[in-house]
Amino acid sequence: MPRTIIPFGPQHPVLPEPVHLDLVVEDEKVVEARPSVGFVHRGLEKLVEKKDFGEFVYIAERICGICSFIHSQTYCQGIETLLGLKAPPRAQYLRTIWGEFSRIHSHLLWLGLMADAVGFESLFMHSWRVRERILDLIEATTGGRVIFGACKVGGVRRDIGAEAARHILAEMDGIEQDARDITRVFLGDSSIKVRLSGVGVLARQDAYDLGCVGPTLRASGVAQDLRRLGYAAYGELQFQPVTRAEGDAFARCAVRCDEIFQSIDLVRQALAKIPAGEIAVKVAGNPKGEVIARAEQPRGEVTYLLKANGTKHLQRFRVRTPTFANLPAMIRLLQGCDLADVPALVLTIDPCISCTER
Amino acid sequence: MAYFEMSRLALQWAFAKPPTTRYPFVPRRPIAGSRGRLSFTRDACVYCGVCAKKCPTGALAVNRAQKRWAIDRLLCIVCACCVEVCPKKSLALSPAHGGPAVTKDYELG
């Protein structure tokens, strides 16, 4: 059978992110996918030499437009470790609440893109309608819709008062009901099930060996969730990682559906347990030493390496985003799939190429 | 396997009020607490320059001798750092977004 190479991306109507794939096909079957990235590199890591460690929070937050808050949170956690600081308990709870808001809005965005990729455009619009509710909540509590700007070294910059907390709880009830309506379609409708079940199967051992993270790993049956390390306020909240055993595209969709409800539950728990007190501590001195900070983003584990030499500018800053860890798995998923399944399979790892390239 | 799961949702929303508004004919109501646009009150300012020093993007320029405060709207990321550090509370954020910046010049306060 003759082989043909089909270039796919970086600009393509069904691709949400600028990744280029050379798809080696035999008839309609993909036998190999060769990826190339590097179209949206912004050189953010180098900027640590120009911005001081306090100002750099705003740049860390701009690494990704979806996981923005968790990027700034991870960066602040790393700097606080270097400075020997601990953010006050109330700030830790607020970071947890905003982090879960990020997760809900990221998963709803992904569900919409998934619905669009399988040709279910009305469901795509409903997913994004629900997402608007959580974006309004983010705007009301932090001041921004995409870039929260609420995290700083030593704590957070805004508080959530009693009235705002009541508003959040009321909205959570509404968002939960809306999310149930749309996830019932995602998990129950025959057209989505037929399209995604048994497609792009990633076995448990393969997912582990390829170094997958986040929902991609959990959908293959590995119960790994960085939030169980207990950073921020997660150590005081009750939750279990959402897992599925099947490892196919439908399982990755189902894990994200269930994680929306897990996040809503975590927000409720955090608001019930949030202690009173300060939201930030005073920062004195400059960071010195080397630290690795980790956190669970909607797409999986993010790792920050921060190296400081006692001046106000960091010496080295390095980020490994979850998409980078999931790219080898994506290449494995594409081997042997139908050409028509490529957009859906690329989407199932929830790629964020601009955050991978920074 | 279920069929027509979407029908209930579609029927429900066929008769519900639309969640969208007819922008720009119906302007978007700003959400309280939103970081919309930075505003400057000249009367209270002592031109100390703390806001310009703390601005993470260098969008502000303060000249104490000439008593001038200016902002580059294209650089401002509306982070509210300047609002937090202003000793005279002459800077504030309004929840409504302003019009787009059309020139690269500094806007005098």
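Here is a short report on the structure shown in this document. No experiment lies behind these values; they were computed from the predicted model shown.

It is worth spelling out the interface of chain B and chain A at this point. Chain B puts 16 residues into the contact, and the matching count from chain A is 21 residues. When its residues are assigned to classes, the side of chain B that touches chain A shows 12 nonpolar, two polar and two charged.

Let us look at unusual backbone geometry. Cis geometry is found at the peptide bond from B:Tyr23 to B:Pro24, where omega equals 5°. Secondary-structure assignment places B:Pro24 in the loop between helix H1 (5-14) and strand S1 (37-40). The phi angle at A:Asp27 is positive, at roughly 55°, despite the residue not being glycine. As for its placement among the helices and strands, A:Asp27 is situated in the loop between strand S2 (20-26) and strand S3 (29-36). Of the residues examined, A:Asp27 has 11 C-beta atoms within 10 Å and is grouped as exposed. Not every positive phi belongs to a glycine, and B:Lys89 is a case in point at roughly 55°. Relative to the helices and strands, B:Lys89 is located in the loop between helix H3 (81-85) and strand S4 (91-94).

Right, let's talk about the sheet that holds S2(A) for a bit. Residue and element names in this part refer to chain A. Pairing in this open sheet of three strands is antiparallel, and the strands run S1-S2-S3 from one edge to the other. Since the sheet does not close on itself, it has two edges, and those belong to strand S1 (3-8) and S3, each with one partner. Between one strand and the next, the sheet's axes are offset by a mean angle of 20°, whatever the strand orientation. Bridge count between S2 and S3: seven bridges; the pairing is antiparallel. When the bridges of S3 are listed, aspartate 22 appears paired with arginine 34.

Turning our eyes to something else, we now look at the pairing of strand S2 (residues 60-63) of chain B. A regular strand places its side chains so that they alternate between the two faces of the sheet. Residue and element names in this part refer to chain B. Of the two faces of S2, the one lined by Leu60 and Val62 is fully buried and the one lined by Ala61 and Asn63 carries no buried residue. Here four bridges tie S2 to strand S3 (residues 68-71), and the two strands are oriented antiparallel to one another. Across the sheet, residue asparagine 63 finds its bridge partner in S3, namely arginine 68. Where S2 folds back on S3, the antiparallel hairpin that results is connected by four residues, among which lysine 67 adopts a positive phi of roughly 50°.

The rules behind these values
- Residues numbered from 1 in each chain as written.
- Chains lettered and ligands numbered in written order.
- Predicted model: local features only at pLDDT ≥ 70, side-chain atom pairs only at ≥ 80, totals over all residues.
- Contact = placed C-beta atoms within 7 Å.
- Nonpolar A, V, L, I, M, F, W, Y, C, P; charged D, E, K, R; others polar.
- Helix = DSSP H or I, 4+ residues; strand = E, 2+ residues; numbered from the N terminus.
- Buried ≥ 20, exposed ≤ 12 C-beta atoms within 10 Å, placed from the backbone.
- Pairing = 2+ DSSP bridges.
- Axes fitted to C-alpha atoms, helices over the stretch in contact; angles between N-to-C directions.

Function-wise, these values are silent; they only describe arrangement.
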